[in-house]
Amino acid sequence: RRAAPGAMRAAALSVARVVRPRAGLACRRVMPFPVRRVSRTSFRASSSASSVSVSDADGEHVSGHDARVRRLPRERTAHGPTYVFGGTTRLRFLAFHGCASRFTVLFRHGVGVGFDAGELELDGTCEFEKRVNHGWRVRTAAGPPEGVRVESLAGFDGEQMKRLALYDADFGDMRLYLENGKEWSATAAAPTWPKRLCQTLDANGGASGNDALVVVDGGYFLELARLSAFPNPVLFPHGAWRVPNLGPGAPTFHDLASAIVGEKKDTPMAAAAALRVAARGASSKKEVASAPGRVTGEIPGRGRCTLGDASGDAGLAEALDAVSDRTVRVVFPDGPLGLGFAPYDWDLATGAQVMEVDNGSIASRNGVTPGMTFRSVATGNKTIASCVNFAFEEIDRMFDEPRPITVELQSKPPSVERLYAVEMRARDFAAGALATNKKKNKKIEFIEPGLGLPSVVWRETHSTIFVGDPGSGTPPHHDIVGQIELCHVITGAKLLAAAPWGEASDELCRRARPILSDDDGDEEDDESLLSVPTHRALSRQEISILETPGLCVVHARPGDVVAFSSAATHFAVNGNAKPCAACFHGVLTPASAHTLASYVGRLDPFSRDELESDGFGKHLTGRGVLTSELTDRSFEVAKKKDAECDARRKENGYAGSRLTLKEIGEEALDLTAVRFTEANQRMAFARESAKGSGKKGPEAWSDASRSSFFI
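Reading the values: rules and limits
- Residues numbered from 1 in each chain as written.
- Predicted model: local features only at pLDDT ≥ 70, side-chain atom pairs only at ≥ 80, totals over all residues.
- Heavy atoms only, no water.
- Salt bridge = Lys/Arg side-chain N within 4 Å of Asp/Glu carboxyl O.
- Buried < 20%, exposed > 50% of the residue type's maximum accessible area, 1.4 Å probe, protein only.
- Helix = DSSP H or I, 4+ residues; strand = E, 2+ residues; numbered from the N terminus.
- Contact = heavy atoms within 4.5 Å.
- Core = buried A, V, L, I, M, F, W, Y, C linked by side-chain atoms within 4.5 Å.
- 1 Å grid on protein atoms, 1.4 Å probe; cavity = no way out; pocket = protein on both sides within 12 Å on 5 of 7 lines; lining within 4 Å.
- Points joined across faces, edges and corners; volume = space filled by probe spheres on them.
- Nonpolar A, V, L, I, M, F, W, Y, C, P; charged D, E, K, R; others polar.
- Phe/Tyr/Trp six-rings, centres within 6.5 Å; stacked < 30°, edge-to-face > 60°.
- Lys NZ or Arg CZ within 6 Å of the ring centre and 35° of its normal.
- Pairing = 2+ DSSP bridges.

1. Thoughts on the pattern of salt bridges
Two side chains of opposite charge can pair, provided their charged atoms sit close to one another. With the rule as written, the count across this model stands at 36 salt bridges. A cluster of three or more residues bridged by salt bridges with shared partners is formed by Glu223, Arg226, Asp642, Asp646, Arg649 and Arg658.

Right, dumping it as structure tokens:
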């Protein structure tokens, strides 16, 4: 089964699913960290919000503002920064949108009154008009629908308010990066991306797009996890360690980050080393053989593709083999070869790569696996000493020579760049990293991320680690199970972009789809999609991807958390300066379960051949999660826990991480309870619709796109 000389690209594309992801579909998603002790003495927070009393007369003067603006100490690490304006108005920032004209806040005006949660909105002026006399209006659940004007905020523009909201200097050495450090700027991470986009990312604390949301308060992030379907990505700076049981740990997030260093101990770990670390953590050959994990890389003339065996049941063992120096030598007698191969470089039509191997064949018995490349080919009459840059047509013709023919093959593809080790089990990786850094005698157990999230009705069994070389990444895709995905960046920088559901997601895929020309000069669609690299100048089409209407881009750094709906078309690229390690885990909540069911055409994504022959039969699907994984019991347990938490956070002694009655006000608390009840009803409809095999999903729900919940 050799690719005919006149149809080399067609042969390659006929098995493209082995080495290239299906367009818009991926199995999941597809600063050097300094080696130093992290000081935790520079921030002092009480263990309980009620144990510290901060008066409006306390606090420090904010540099750059007049004496009427003072910053109050945080009562907890998770709290957003709190300010007093004009002596009587107190604001605690919870979040802001990328447009810088809308902030979610806790608001109090006057003495001896409680807080109200609401939306602070720019009133009567346009940010782009550069007018000085800006005004602000706050809308709360308890106030009039049109809101009330806050006179003490007159004169502040959106940029000034963003800087106040992003304040983090009081965290001191607990931070794993400095917001104002050039080393951690978007320009350092993506030096070839449009300058204006990088400037916007830096000005917004790491978010671009009018609807992108930056959360600065841990309690509000948990409220979003409870109620939101995450129609746009949400960035929570330093969030992995600011909220208990949100980020991964060994036992703390800082301990885990300090263990993920390279072989020189002063650089972040690279992708190939990460695969070996995960294998070390799995501890036995049997466990390695069954452990998840893949590796992708950039191949000349091919773009980014999976290295080695890309079948559905391939895992860590196959990924390790793909980056190893293993070689095999096979002598083929007369008769069938038992393998199929195609050009290694599709554009230049050079080299040769194994695409499939028949079980029981001479190739299989000698250790040949899909993804291996030809090093040399020899017959009694002719020898090709190096196949790398040799014309595929000539290599193919060698097999028409009298047999026997000797072929030498290698596991690691030649000239492959920017490796990306993905979907490694985080537990294995953490154990291997701790052992590598001689911490195994401490008997430290890996702590899964997301254990503190409220209202979770289903979660992935194991979180996964992705480690990418600088500039590596994934093309635009949506996940097989469209869930809420949480990304905790541990080392390096990651740029993640997502388009809203529907037309914007479709447009992002369209802009990323390359157009090829066949031998007749006609255009044809390629199954793969383009990414947006950070290591080289961008083409016009790659720039166009970043200009997709509605696209939100997030620049996440060590300790940051990004939450997004993986049902939306999204892509991620690792920063160009250093390798990046991030922990991913997926959950379903009532609101996101409705979104999953809404994409009814994706609930059964695999063909019969993929299920029966390509190893995808054991993969979870959206329908399987909604009908089998998500049980009535998990549904009821989540509702019960939520009701219990709602009752506790009304009490004076509540010491959890959620926003309390005193912080958001009774009206806002009641309103969120109503919206949670509606989300549960929508989830019930979603589950019912998924039980059928038809093409009709649940009824549309406008609140799935809601991004504020207190008004």
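Moving on, there is more to tell.
2. With respect to helix H19 (residues 622-629)
Every buried residue belonging to H19 is among Gly622, Arg623, Gly624, Val625 and Leu626, and all of these are buried. Buried residues along H19 sit against strand E22 (458-459), strand E32 (580-588), helix H17 (590-598) and helix H22 (666-691).

3. Observations concerning the nonpolar core
Core analysis: the largest hydrophobic core is formed by 80 residues, its most contacted members being Val215, Phe221, Leu275, Met424, Phe429, Leu453 and Ile490. Of the residues forming this core, the biggest block, 8 residues, is contributed by helix H9 (residues 271-282).

4. Focus on empty space enclosed by the protein
Unoccupied space between atoms shows up once a probe the size of one water molecule is rolled over them. Of the pockets and cavities examined, the largest cavity occupies roughly 100 Å³. Taken together, 13 residues line the largest cavity, and the ones lying closest to its centre are Leu166, Tyr167, Asp168, Pro237 and His238. Partitioned by chemical class, the residues of the lining of the largest cavity number 8 nonpolar, 1 polar and 4 charged.

5. Looking at the packing of aromatic side chains
Taken as a whole and assessed by the stated rule, the structure comprises 16 aromatic pairs. With a centroid separation of 5.9 Å and an interplanar angle of 75 degrees, the aromatic rings of tyrosine 83 and phenylalanine 93 are classed as edge-to-face. On the criterion of sequence distance, the pair formed by tyrosine 83 in strand E4 (residues 82-85) and phenylalanine 93 in strand E5 (residues 89-97) is long-range, its members being 10 residues apart. Exposure remark for phenylalanine 93: the relative accessible area of 0% places this residue in the buried category. What links up through ring pairs into an aromatic cluster is the set Tyr83, Phe85, Phe93, Phe96, Phe103, Trp136 and Phe156. The ring centre of phenylalanine 676 lies 4.8 Å from the NZ or CZ of arginine 226, which sits over that ring. Taking the ring centre of phenylalanine 635 as reference, the NZ or CZ of lysine 639 above it sits at 5.0 Å.

6. Some thoughts on the pairing of strand E8 (residues 135-140)
Examined bridge by bridge, strand E7 (residues 116-123) and E8 share 6 bridges and lie antiparallel to one another. For glutamate 121, the partnering residue across the bridge sits in E8 and is arginine 137. Relative to strand E9 (residues 148-149), E8 runs antiparallel, the two sharing 2 bridges. If you follow valine 138 over to E9, its bridge partner there is valine 148.

Function-wise, these values are silent; they only describe arrangement.
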